[in-house]
Amino acid sequence: MELRINQKTYQVDADADTPLLWVIRDDLGMTGTKYGCGLAQCGACSVLVDGNVVRSCVTPVAGVVGREVTTIEAIETDDVGKRVVATWVEHQVAQCGYCQSGQVMAATALLKNNPKPSNEQIEAAMVNLCRCGTYNAIQAAVHDLAGLSATKGEA
Amino acid sequence: MNNSRFARTAGWLAVPCLIAAGLLAWYVTREPVSPFESRQVAVADIDPALVARGEYVAPLSDCVACHSVPGGAPFAGGLEMATPLGAIHATNVTPDRETGIGNYSLAQFDRAVRHGVAPGGRRLYPAMPYPSYAKLSDDDVRALYAFFMKGVAPVKQANIPSDIPWPLNMRWPVALWNGVFTDSAPYVEKAGQDPLWNRGAYIVQGAGHCGSCHSPRGLAFNEKALDESGTPFLAGALLDGWYAPSLRNDHNTGLGRWTEPEIVQFLKTGRNQHAVVFGSMTEAFNNSTQFMNDEDLAAIARYLKSLPGDHQRDGTPWQYQSVAATKPNTPGAHTYETRCASCHGLDGKGQPEWMPPLAGATSALASENASAINITLNGSQRVVAAGVPDAYRMPAFREQLSDQQIAEVLTYVRSTWGNRSEAVDAKAVSKLREHTDPASSSPIILQMR
Ligand code: FES
Ligand code: FES
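Computed from a predicted structure; not experimentally measured.

Okay, the packing of aromatic side chains next. Residues and elements named next belong to chain B. In total, this model carries 15 aromatic pairs over all chains according to the counting rule given. Each residue in the set Phe-75, Phe-109, Tyr-145, Phe-147 and Phe-148 is aromatic and connected to the rest through ring pairs, giving one cluster. One residue, Arg-30, lies across the ring of Trp-26, its end atom 5.8 Å from the ring centre. The cationic tip of Arg-217 hangs over the ring face of Phe-221; the distance from NZ or CZ to the ring centre is 5.4 Å.

Spelled out as structure tokens, the structure:
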């Protein structure tokens, strides 16, 4: 089947129900998208499909044929994505970094759909898990991007 | 004088009493006649073609689901089941001569399978679905016997005695139950129905024993109807913490919106655009329905689609409604968006046929909410189709969500996208949480399947 990923066209040979995550990582070798739980619980595998965040471990690959997939590898080609990454660096958000490609995806999707989210909207959208507990840094970075005044470093 | 009159009266009364007791004793221990009485076959002479036929009839009847334990030898028994009186265990049905059924004649095997009577007249408990297997044809019983004698490896494994205390463990009253609630003739083709329908009726009522889970039961734990002549037949029932939905043409809570090919697809692959197997049906799929041939599946679909629904019970026909632009800002909606929407979609439509829709789902429309609660707490078992486990599985939220959160999110699911059913109460969640916790003092153990 034919997939559009990061503005490129790929021919992949996979069963229709193969999770998109396996195709991205194993077949196409783009390993920036991470595997955490495989059960839609953690968000490490988040990618954008037509600008919306989806968890690729629970997305059958057949479901994204004809749609535009964006992974962390190309997030900086998107204006919003580029700002998110820069702000992430500025706030030194990452610890081990394993969850961060998913976090950046979630933040980018949020800000693309809603450039000025409220605190509640941020809390509702930024639900990926981070084993290192970088939640405060994530919150500060997203508040910064949303133009909300800096908060105390409490979740 | 008075004394002697009393003695005489008592004497007169004793006669009919003794006769009645004698008749009763005969009735409750009698071995029903089997057409195979005079036709015993030597195991060595069994035709391999018949064994092969039996190898098909056995999964059609889903024998292995109860007569094995996970990880144990097939058909060696041991599965624990609850009865209102105490726990019983499925028996060893391998051809081992000491602990299994290796010494059974064909007639004895027939009496056990179709009448629930073990050699010597001892009654089986109706956890063995002989009220359904009674419908099996002579040919299929012969084939099953051939398979169990020659196609199954003997395993020496002693049966576990029931823990039902005396006197409740006496088996003979079951004979009276059988007399009232079972019908012991094999399936008779119905005139005026085509062969496909008749084959479907034969499988659904007989080998498939669909009614064991899907038909409501009466006070005596009897299925309220054993075939299409009774409207409770396959009308949906609560069992073992799951709600087995109606298999009749109910638009909301049954198969009303399913086509015959969709029913076939569901039984063959475990999924279709409406639903994915879960709960006890996962085992029925993993062990039984996927092994049925296309013709038998088509027959089942034809028969089920002929069972009328009941508007009264089913309510206003469900129709999809999109969520308003101003999304509800409730805790239930929030939990849904963060925990459920990745798979089931913000629009509730799922990703058919991999992740089932919740919009219009039977479990979200039925007034019984046990299935919705149970699967949210405990997730789904692995669906194994053609030897391959599926890639997507409902995770367990037991450790992640509180009773209150589960009640809220299910209330949201049951009142969105056109779904209109009662809110879920946190108490119902905590009750099922307790009963489905293997470490609890009152876990659900299987009752009947
Ligand atoms: S790996 Fe996909 S959500 Fe965890
Ligand atoms: S930075 Fe380590 S898991 Fe999030």
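A word on the domain arrangement of chain A. All names here are of chain A. In terms of domains, chain A is made up of domain 1 (2–74) and domain 2 (75–146). One C-alpha centre belongs to domain 1, the other to domain 2, and the line joining them spans 20 Å. Each partner contributes to the interface: domain 1 provides 20 residues, whereas domain 2 provides 17 residues. Counting the surface lost from both domain 1 and domain 2, the interface buries some 1300 Å², and carbon and sulfur atoms represent 59% of this. Per-residue buried area on domain 1 facing domain 2 is highest for Leu-48, Ile-72 and Ala-74; these three make up 34% of the total on that side. Inspection of the region where domain 1 meets domain 2 yields 10 residue pairs in polar contact (both at pLDDT 80 or more). Of all the secondary-structure elements, those providing two or more residues to the side of domain 1 that touches domain 2 are strand 3 (46–49) and strand 4 (52–55). Tallied by class, residues from the side of domain 1 that touches domain 2 come to eight nonpolar, nine polar and three charged.

Below, the discussion takes up the pattern of salt bridges. Residue and element names in this part refer to chain B. One pass over the full model with this rule turns up 21 salt bridges over all chains. A salt bridge links Lys-156 to Glu-98, with the nearest nitrogen and oxygen atoms 3.3 Å apart. Here Lys-156 is found in the loop between helix 6 (138–151) and helix 7 (173–181), whereas its partner Glu-98 is found in the loop between strand 2 (86–89) and helix 4 (106–115), with 58 residues between them in sequence. The salt bridge involving Arg-114 is made with Asp-110; its shortest N-O contact spans 2.6 Å. Taken as a pair, Arg-114 and Asp-110 lie in helix 4 at a separation of four residues, close to a single helical turn. Residue classification places Arg-114 among the buried positions, given a relative accessible area of 4%. Taken together, the salt bridges that share partners define one network made up of Glu-31, Glu-37 and Arg-111.

So, about the nonpolar core. Residue and element names in this part refer to chain B. Grouped together as the largest cluster of nonpolar side chains are 71 residues, with contacts concentrated most on Phe-109, Phe-148 and Leu-304. When residues in this core are grouped by element, the largest group, eight residues, is from helix 6. Both domain 1 (35–155 + 163–181) and domain 2 (195–435) contribute no fewer than three residues apiece to this core. Ignoring anything within four residues of it in the chain, the contact list for Phe-148 reads Cys-63, Phe-75, Val-93, Pro-95, Ile-101 and Phe-109. Core analysis: the next-biggest nonpolar cluster, separate from the first, contains 27 residues, Ala-372, Ile-373, Leu-401 and Tyr-412 among them.

For the rest of this paragraph, the subject is the sheet that holds strand 2 (residues 8–11) of chain A. Within a sheet, adjacent strands bond to each other through the backbone by hydrogen bonds, running parallel or antiparallel. Residue and element names in this part refer to chain A. An order of 2-1-5-3-4 is seen for the five strands of this open sheet, with the pairing classed as mixed. In this open sheet, the two edge strands, each paired with only one partner strand, are strand 2 and strand 4. For this sheet, the mean inter-axis angle between neighbouring strands, taken without regard to orientation, is 40 degrees. The sheet contact formed by strand 3 and strand 4 spans four bridges and is antiparallel. For Leu-48, the partnering residue across the bridge sits in strand 4 and is Val-53. Helix 3 (residues 100–113) contacts strand 3, strand 4 and strand 5 (68–70) of the sheet and is inclined by roughly 35 degrees relative to strand 3.

Right, let's get into the domain arrangement of chain B. When the parts of a complex come together, some accessible area is lost, and that lost area is often used as the size of the interface. All names here are of chain B. For chain B, the assigned domains are domain 1 (35–155 + 163–181) and domain 2 (195–435). Counting residues at the interface gives 17 residues for domain 1 and 23 residues for domain 2. Both faces combined, the contact of domain 1 with domain 2 buries some 1700 Å², and carbon together with sulfur accounts for 56% of it. Interface area lost by domain 1 to domain 2 is led by Tyr-56, Leu-60 and Lys-135, which between them contribute 34%. Between domain 1 and domain 2 we count zero salt bridges in total. On the surface where domain 1 and domain 2 come into contact, there are eight residue pairs in polar contact (both at pLDDT 80 or more). With five residues, helix 2 (residues 48–61) is the single largest residue contributor to the side of domain 1 that touches domain 2. Classifying every residue of the side of domain 1 that touches domain 2 gives 10 nonpolar, three polar and four charged.

All right, on to the interface of chain B and chain A then. Facing the 13 residues of chain B at the interface are 14 residues of chain A. For the pair chain B and chain A, the two sides together bury roughly 1100 Å², of which 59% comes from carbon and sulfur. Taken together, chain B and chain A are joined by zero salt bridges. Our enumeration of links across chain B and chain A arrives at three residue pairs in polar contact (both at pLDDT 80 or more). Here the residues of the side of chain B that touches chain A sort into seven nonpolar, five polar and one charged.

This paragraph deals with unusual backbone geometry. Residues and elements named next belong to chain B. A cis geometry characterises the amide bond from Trp-166 onward to Pro-167, with omega recorded as 5 degrees. Within the secondary structure, Pro-167 is located in the loop between helix 6 and helix 7. In this structure, Leu-234 is a non-glycine residue whose phi angle is positive, near 60 degrees. Checked against the element boundaries, Leu-234 lands in the loop between helix 9 (211–214) and strand 3 (237–239).

Here we take up the pairing of strand 2 of chain B. A regular strand places its side chains so that they alternate between the two faces of the sheet. Residue and element names in this part refer to chain B. In terms of strand pairing, strand 1 (residues 80–83) meets strand 2 through four bridges, oriented antiparallel. Counterpart to Thr-83 in the pairing with strand 2 is Gly-86. A loop of two residues connects strand 1 with strand 2, the two strands running antiparallel in sequence.

Analysis parameters
- Residues numbered from 1 in each chain as written.
- Chains lettered and ligands numbered in written order.
- Predicted model: local features only at pLDDT ≥ 70, side-chain atom pairs only at ≥ 80, totals over all residues.
- Heavy atoms only, no water.
- Phe/Tyr/Trp six-rings, centres within 6.5 Å; stacked < 30°, edge-to-face > 60°.
- Lys NZ or Arg CZ within 6 Å of the ring centre and 35° of its normal.
- Domains from an automatic or database assignment.
- Contact = heavy atoms within 4.5 Å.
- Buried area = accessible area lost by both parts, 1.4 Å probe.
- Polar contact = N/O pair within 3.5 Å; in protein donor to acceptor, adjacent residues only side chain to side chain.
- Helix = DSSP H or I, 4+ residues; strand = E, 2+ residues; numbered from the N terminus.
- Nonpolar A, V, L, I, M, F, W, Y, C, P; charged D, E, K, R; others polar.
- Salt bridge = Lys/Arg side-chain N within 4 Å of Asp/Glu carboxyl O.
- Buried < 20%, exposed > 50% of the residue type's maximum accessible area, 1.4 Å probe, protein only.
- Core = buried A, V, L, I, M, F, W, Y, C linked by side-chain atoms within 4.5 Å.
- Pairing = 2+ DSSP bridges.
- Axes fitted to C-alpha atoms, helices over the stretch in contact; angles between N-to-C directions.

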